[in-house]
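# Summary of structural features
Okay, here's what each chain looks like letter by letter:
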Amino acid sequence: RFLDNLTPIVWMTSVDLILVVVWSFTARFGYLKLYPPRNILVVYGKYSPKSIMEKMSTRTDKYTICGSVSIKKGMDEVKRQIKECGNVILMDLPAETRNHLLKFCFRENIRCYSVPKISDIMLRQSEEIHLFDTSLLLFRNAGLSAEQQFVKRAFDILFSALFLIAVSPIMLLIAICIKACDGGPVFFTQDRLTKDSKVFKLYKFRSMYVAKPDAQYCMTRQNDIRITPVGKLIRNIHFDELPQIFNILKGDMSFVGPRPECPHLAQEYQQIVPEFDFRLKMKAGLTGYAQVYGKYNTTPLDKLKLDLVYIENYSFWLDLKIILLTVKVLFQKENTEGIKDWQTNAATKENLDKIGKK
């Protein structure tokens, strides 16, 4: 109100916007010229490299897949292709083979990426100690300390109570919409797993049509016809999970932690990845490391690795970071992608074949 003439501010803002756009495009052009996409060779073992190749092919600004080679071709052929391509990513290789190729790449100054094994994640967080002139790696494997458990629980109670007050009008509106849509129940409950394999009743807003009593549970598929119109909206923004705040207040869950899995799905995943129950060293969470960096249909092995990264690196500040990142991913559609039509769970084709053989 105290400005007689807004023209200088309008001009200044316009010039700022033009400079920002020009700088952004110039910087990106210069970066791509200085750091063009790297040619990557994928070296794999008994599992297909298709999944990792598809992911890397979506980042054409960083990677160019120049091929893949199985270690069955022989070490000499693998090394020849690595030197020819210049960069390599190592997948599911036996420890001895991987170590040999890592040392080869180090000797030849070749950039090398490696998909970590479960033991690699544990090794990264080990404590280095010395026994005279011998180096040792210490794995405490004790979970959270008493102080960490107290702080985490206190934060869960305080934050979930404040959050419940803030979102209660939204939850009331969602409940009314669900009831008006088809007249069915507002809430949906299901058995899920939390710390130490304890089974609890998880609360969610119902996002699907009411199933028959004898209907078998199946993960949500892409374009699933079971989802109601209201359910499609609240699932896309993850608001169907808001009632889990009550699970947090009860102590069944934490605000941040591994995703709570259905008991029978967890059993299926354990046939593929025997270490899958390592995730149960902490309470299940409304959000978590795997929920932020993964997707609904992330494979069991990748989900386990992400959860182990969180468990091994837990801190109060990491929890705060994950909560802030959760806000960012709420509206990312790819995070709610369902499983494919041929899948019964998030396992890949090779994993399902493995279960079938068992």
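Just above, that's the structure.
## A few points about the overall build of the chain
- A count of helices and strands for the chain gives 13 helices and ten strands.
- In the chain, which comprises 358 residues, the proportion classed as buried is 38%.
- Considering only residue pairs separated by 6 or more positions, the chain has 71% of its internal contacts joining residues 24 or more positions apart.
- Carbon and sulfur atoms make up 61% of the accessible area of the chain, which totals about 21900 Å².

## Description of the pattern of salt bridges
- Counted by the stated rule, this structure contains 15 salt bridges.
- Put simply, D191 and K201 hold a salt bridge, and the shortest N to O gap is 3.0 Å. Of the two residues, D191 is situated in strand β7 (residues 187–193) and K201 in strand β8 (residues 199–205); the sequence distance between them amounts to ten residues.
- Accessibility expressed as a relative area gives 33% for D191, which makes it partly exposed.
- For K201, a relative accessible area of 45% corresponds to the partly exposed category.
- Taking the shortest distance from any N to any O, the salt bridge between R279 and D307 comes out at 2.6 Å. One end of the pair, R279, is in the loop between α9 (263–272) and β10 (285–287); the other, D307, is in helix α11 (residues 300–312), with 28 residues separating them in the sequence. The pair formed by R279 and D307 is uniform in burial state, with each residue classed as buried.
- If you follow the salt bridges from partner to partner, you end up with E77, R80 and E84 in one network.

## Quick word on the state of the cysteines
- With the rule as written, the count across this model stands at one disulfide.
- The thiol of C181 is unpaired, and the distance to the nearest cysteine sulfur, on C177, comes to 8.9 Å.

## Here's the deal with the side chain of D156
- Its location among the elements puts D156 in helix α6 (residues 146–182).
- Buried within the structure, D156 lacks any salt-bridge partner; its nearest side chain of opposite charge belongs to R153, at an N-O separation of 4.6 Å.

## Focus: the packing of aromatic side chains
- For the structure shown, the criterion picks out twelve aromatic pairs.
- Relative to Y35, the ring of Y31 has its centre 5.1 Å away and its plane inclined at 45 degrees; by these criteria the two rings are tilted.
- Of the residues examined, Y31 reaches a relative accessible area of 46% and is grouped as partly exposed.

## Observations regarding the side chain of Q190
- Within the secondary structure, Q190 sits in strand β7.
- Exposure remark for Q190: the relative accessible area of 12% places this residue in the buried category.
- Polar side-chain contacts of Q190 include one of 2.7 Å to the side chain of R192.

## Describing a nonpolar patch on the surface
- A cluster of nonpolar side chains, L6, I9, V10 and M12, forms an exposed patch at the surface whose accessible area comes to about 380 Å².
- With respect to the element layout, M12 can be found in helix α1 (residues 7–34).

Cut-offs and rules
- Residues numbered from 1 in each chain as written.
- Predicted model: local features only at pLDDT ≥ 70, side-chain atom pairs only at ≥ 80, totals over all residues.
- Heavy atoms only, no water.
- Helix = DSSP H or I, 4+ residues; strand = E, 2+ residues; numbered from the N terminus.
- Buried < 20%, exposed > 50% of the residue type's maximum accessible area, 1.4 Å probe, protein only.
- Contact = heavy atoms within 4.5 Å.
- Areas by Shrake-Rupley, 256 points an atom, 1.4 Å probe, with all protein chains shown as cover.
- Salt bridge = Lys/Arg side-chain N within 4 Å of Asp/Glu carboxyl O.
- Disulfide = S-S within 2.5 Å.
- Lys, Arg positive; Asp, Glu negative; His and termini not counted.
- Phe/Tyr/Trp six-rings, centres within 6.5 Å; stacked < 30°, edge-to-face > 60°.
- Polar contact = N/O pair within 3.5 Å; in protein donor to acceptor, adjacent residues only side chain to side chain.
- Patch = residues over 30% accessible without salt bridge, like charges linked within 9 Å, V, L, I, M, F, W, Y side chains within 5 Å.

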